[in-house]
Amino acid sequence: MTKVAIIGTGPCGLSMLRAFEQAEKKGEKIPEIVAFDKQSDWGGLWNYSWRTGSDEYGDPIPNSMYRYLWSNGPKECLEFADYSFDEHFGKPIPSFPPREVLYDYIIGRVKKGNSKNKVRFNTTVNSVVYDGKNFEITSHDKKNNKHAKEIFDYLIVSSGHFSVPYIPEYQGMSSFPGRIMHSHDFRDAEEFRGKNVIVLGSSYSAEDVALQCHKYGANTVTIGYRHNPMGFKWPNGVKEVFHLDRLEGSKAIFKDGYEQEADAIILCSGYLHHFPFLTEDQKLNTRNRLYPPKLYKGVVWQDNHKLLYLGMQDQFHTFNMFDCQAWFARDVVMGKIKMPDKTEIEKDINKWVAMEEKLENPDQMIDFQTEYTKELHDLSDYPKIDFELIRKHFKEWEHHKVEDIMTYRNKSFSSPVTGSVAPIHHTPWASAMDDSLKVFLDQPKK
Ligand SMILES: Cc1cc2nc3c(=O)[nH]c(=O)nc-3n(C[C@H](O)[C@H](O)[C@H](O)COP(=O)(O)OP(=O)(O)OC[C@H]3O[C@@H](n4cnc5c(N)ncnc54)[C@H](O)[C@@H]3O)c2cc1C
Ligand SMILES: NC(=O)c1ccc[n+]([C@@H]2O[C@H](COP(=O)([O-])OP(=O)(O)OC[C@H]3O[C@@H](n4cnc5c(N)ncnc54)[C@H](OP(=O)(O)O)[C@@H]3O)[C@@H](O)[C@H]2O)c1
C-alpha cells in the first residue's frame, strides 16, 4: 500500500488530511497516511503559544502569532468551500475575527472527521533521505524521547514558512540599552505601553505590530521602511520614516535624518523558508514570493514528483487556496492526475514565474494569485466557490485600508460559499480590547 508522510498539521497539513478523508468518504481507497507535528496539537501558527525560544524539549517554537491578533483580511476570502462559517458558527459572524475564532473554525472542520489518529504530535521530523524510490524519514517523538526511521512513498511538506525569523543587524544594536526582538517573538503589545517603539519593515507584520502597539498604549511608534513605505494615513503617535541608519545609545537615527529616542526595536523583517530536515536537492530555496520556482502548479517538486509542497507562496489567498493545493496534491498522489512531461512542466513553471516577476501593484498581485487558485481549483473536485467574488473582496479590502487603516476591520463582506452578508461587529476594532471568542460572538440582541 502507498504510504504518505505529511510534515506539519497547520492549515495546509489539515487541508491535506481533509482532502484524503473526502476521497475516502466517496468510497475511494486512500493511501496510508502518517502526519507529523512538532507541536502538541494541530492548527499550526493558529495554535497560540505564550512560549518564545524553545519548547520544553529544547526544540525551537514555530509559533509567530500573538495575543490580540485579528484577521488582517476578510474571513470571506479564506472561507472553506466545503465548510462555511455559517455552518460552523450557526449564524453569520463579522468579517474580521480574532485569532481564537479562526482557530475554532479551522479545527471545527477537521474535528468532524477521524484524521487526528493519523497525526503524531510532539514529533519532529529531523531528516529525510530520498534513495531514488522512497523517502526514509527520521523523526523524534519528544515526549517519549524515541527516535524512529520509516519508509514512505510520498512526502508532503506543509511545515509553513513564517516560523524562522530573518534577523538583520544594524550598527549600534549591540550597545542599545533597550529591548531588540523580532516579530516572531512578539506576544503582547501591552508590554510596550508608554514606550517609544521602533518597528522595522513595511509589510503585514510591521503594519499590524505598529498598530497593536499604538492601540495598547505605546507612547510613540516609528516605522522604518527599507524600500517602499506602506503609506497609510497613520493615527497620531505613529510615523513612517525612511530606513534605519544606526543606533547611537538609545537614539535611532534614520537615513532621512529623522531621530527618535527608543525603548524597544521590533524587527518585522520577515521569515526564511527553512527546511533543515531536507537534503539540498529536495529543498525549496526561495524568498517570500507569490510563485516560488521549481514547483509545478505551485505544489509538485520539479525534480521529483513524489515530493510535494503546500502553502509555500506569499499569501493573499490562504485557507481555500491551501485546500485547492491539497485536493490537487491528493489526486497526484492517487494517480488521478497524470504529470505532464519535463518540457511541459518547465514551460508551465516558467510561464507563472515570468508573470509573477512583472507584477507591480497589489491589485495585479491579487489577480495573479486568484488566477493561480482558479486554475488549481479546476483540476480537482474541490467544491464550487465564487473566486470572482473573493477577487472583488480583496480589491475592496485593499482600498478600505488605503482609506483608513484604523477602520478597515469594521467593514462587512459577503460569503463566496453561502452568500450571507456579515453583520457589523458590535465594537469597532480600534476600541475592541478583548479578543476572546466569547466576546466576539456575543452580538448584542437587536
Ligand atoms: C503573525 C502571522 C499572522 C497571520 N495572520 C493571518 C491571517 O490573519 N489570515 C490568514 O489567512 N493568514 C495569516 N497568516 C498566514 C499563515 O501563513 C497561514 O494562515 C497559515 O498558518 C499557514 O499554514 P501552514 O500550514 O502553511 O503553516 P503553519 O501554520 O506554520 O503550520 C506548520 C506546522 O508545521 C509544523 N512543523 C514545522 N516543522 C516541522 C518538523 N520538522 N516536524 C514536524 N512538524 C513541523 C509546525 O509545528 C506547524 O504546526 C499569518 C501568519 C503570521 C506569521
Ligand atoms: N493577521 C494579521 O494581522 C497579521 C499580522 C502580522 C503578519 N501577518 C501575516 O504574516 C505573514 C508574514 O508577514 P511579514 O510582514 O512578517 O513578512 P513579509 O510579508 O515577508 O515582509 C517582510 C518585510 O521585511 C522587510 N525587511 C526585510 N529585511 C529588512 C531589513 N534589513 N530592514 C528593514 N526591513 C526589512 C521587507 O522589506 P522590503 O520590502 O524593503 O524588502 C518586508 O517589508 C503574512 O502572511 C502576513 O499576512 C498577519
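Residues numbered from 1 in each chain as written. Chains lettered and ligands numbered in written order. Predicted model: local features only at pLDDT ≥ 70, side-chain atom pairs only at ≥ 80, totals over all residues. Heavy atoms only, no water.

Draft legend 1. Quick look at the packing of aromatic side chains. For the coordinates displayed, the defined rule picks out 31 aromatic pairs. Between the aromatic rings of Phe96 and Phe413, the centroid separation amounts to 6.2 Å while the plane-to-plane angle is 65 degrees, which identifies the pairing as edge-to-face. One end of the pair, Phe96, is in the loop between helix H2 (85-89) and helix H3 (99-111); the other, Phe413, is in the loop between helix H8 (387-403) and helix H9 (437-441), and 317 residues separate them in sequence. With relative accessibility at 2%, the residue Phe96 sits in the buried group. (Phe/Tyr/Trp six-rings, centres within 6.5 Å; stacked < 30°, edge-to-face > 60°. Helix = DSSP H or I, 4+ residues; strand = E, 2+ residues; numbered from the N terminus. Buried < 20%, exposed > 50% of the residue type's maximum accessible area, 1.4 Å probe, protein only.)

Draft legend 2. Region of the structure containing the sheet that holds strand S14 (residues 251-254). Pairing is antiparallel in the open sheet, where three strands are placed in the order S13-S14-S15. In the strand order of this sheet, the two ends are held by strand S13 (244-248) and strand S15 (259-261), each with one partner. Each strand axis lies, on average, 20 degrees off the axis of its neighbour in the sheet, ignoring direction. Strand direction decides the pairing type here: S14 and S15, joined by three bridges, are antiparallel. Among the inter-strand pairings, Ala252 is bridged to a residue of S15, identified as Gln260. (Pairing = 2+ DSSP bridges. Axes fitted to C-alpha atoms, helices over the stretch in contact; angles between N-to-C directions.)

Draft legend 3. Inspection of the packing of helix H1 (residues 11-25) against helix H5 (residues 319-333) at higher detail. Taken N-terminus to C-terminus, the directions of H1 and H5 make an angle of 50 degrees; their axes are 8 Å apart at the nearest point. Taken as axis vectors, H1 and H5 run oblique relative to one another. Every pair of crossing elements has a handedness; the one defined by H1 and H5 is right-handed. Between H1 and H5, the contacting residues are Pro11, Cys12, Ser15, Met16, Arg18, Ala19, Phe20, Gln22 and Ala23 on the first element and Phe319, Phe322, Asp323, Ala326, Trp327, Ala329, Arg330 and Val333 on the second. (Parallel < 35°, antiparallel > 145°, perpendicular 65-115°, else oblique. Left-handed = near helix turned anticlockwise from the far one by under 90°. Contact = heavy atoms within 4.5 Å.)

Draft legend 4. Seen up close, the site of ligand 1. Among the 31 residues in the neighbourhood of ligand 1, the closest are listed as Cys12, Asp37, Gln39, Leu45 and Thr318. Contact distances for ligand 1 include 3.1 Å between a nitrogen atom and a backbone N or O atom of Lys38. One of the side-chain nitrogen or oxygen atoms of Gln315 is found 3.1 Å away from an oxygen atom of ligand 1. Protein chains bury 92% of the 1000 Å² of accessible surface belonging to ligand 1 in isolation. Per element, the largest residue contribution to the shell around ligand 1 is three residues, and it comes from strand S4 (residues 123-130). Residue composition of the shell around ligand 1, grouped by class: 15 nonpolar, 14 polar and two charged. (Near = heavy atom within 4 Å. Polar contact = N/O pair within 3.5 Å; in protein donor to acceptor, adjacent residues only side chain to side chain. Areas by Shrake-Rupley, 256 points an atom, 1.4 Å probe, with all protein chains shown as cover. Nonpolar A, V, L, I, M, F, W, Y, C, P; charged D, E, K, R; others polar.)

Draft legend 5. Examining the site of ligand 2 more closely. Surrounding ligand 2, one finds 22 residues, the nearest of these being Tyr170, Ser203, Ser205, Arg226 and His227. Within the side chain of Tyr170, a nitrogen or oxygen atom sits 2.5 Å from a nitrogen atom of ligand 2. No other element matches the three residues that helix H4 (residues 204-215) contributes to the shell around ligand 2. Partitioned by chemical class, the residues of the shell around ligand 2 number ten nonpolar, nine polar and three charged.

Draft legend 6. Quick look at helix H6 (residues 342-357). Over its 16 residues, H6 runs 22 Å from end to end, which matches the ideal 22 Å to within 8%, given 1.5 Å per residue. Along H6, the positions that sit buried rather than exposed are Ile345, Asp348, Ile349, Trp352, Val353 and Glu356. All buried residues of H6 fall inside an arc of 125 degrees around its axis, so they share one side. Away from its buried face, by an angle of more than 90 degrees, H6 presents the exposed residues Thr343, Lys347 and Glu357. Residues of H6 that are buried make contact with strand S18 (295-296) and helix H7 (362-378). (Expected span 1.5 Å × (residues − 1). Arc of directions from axis to C-beta.)

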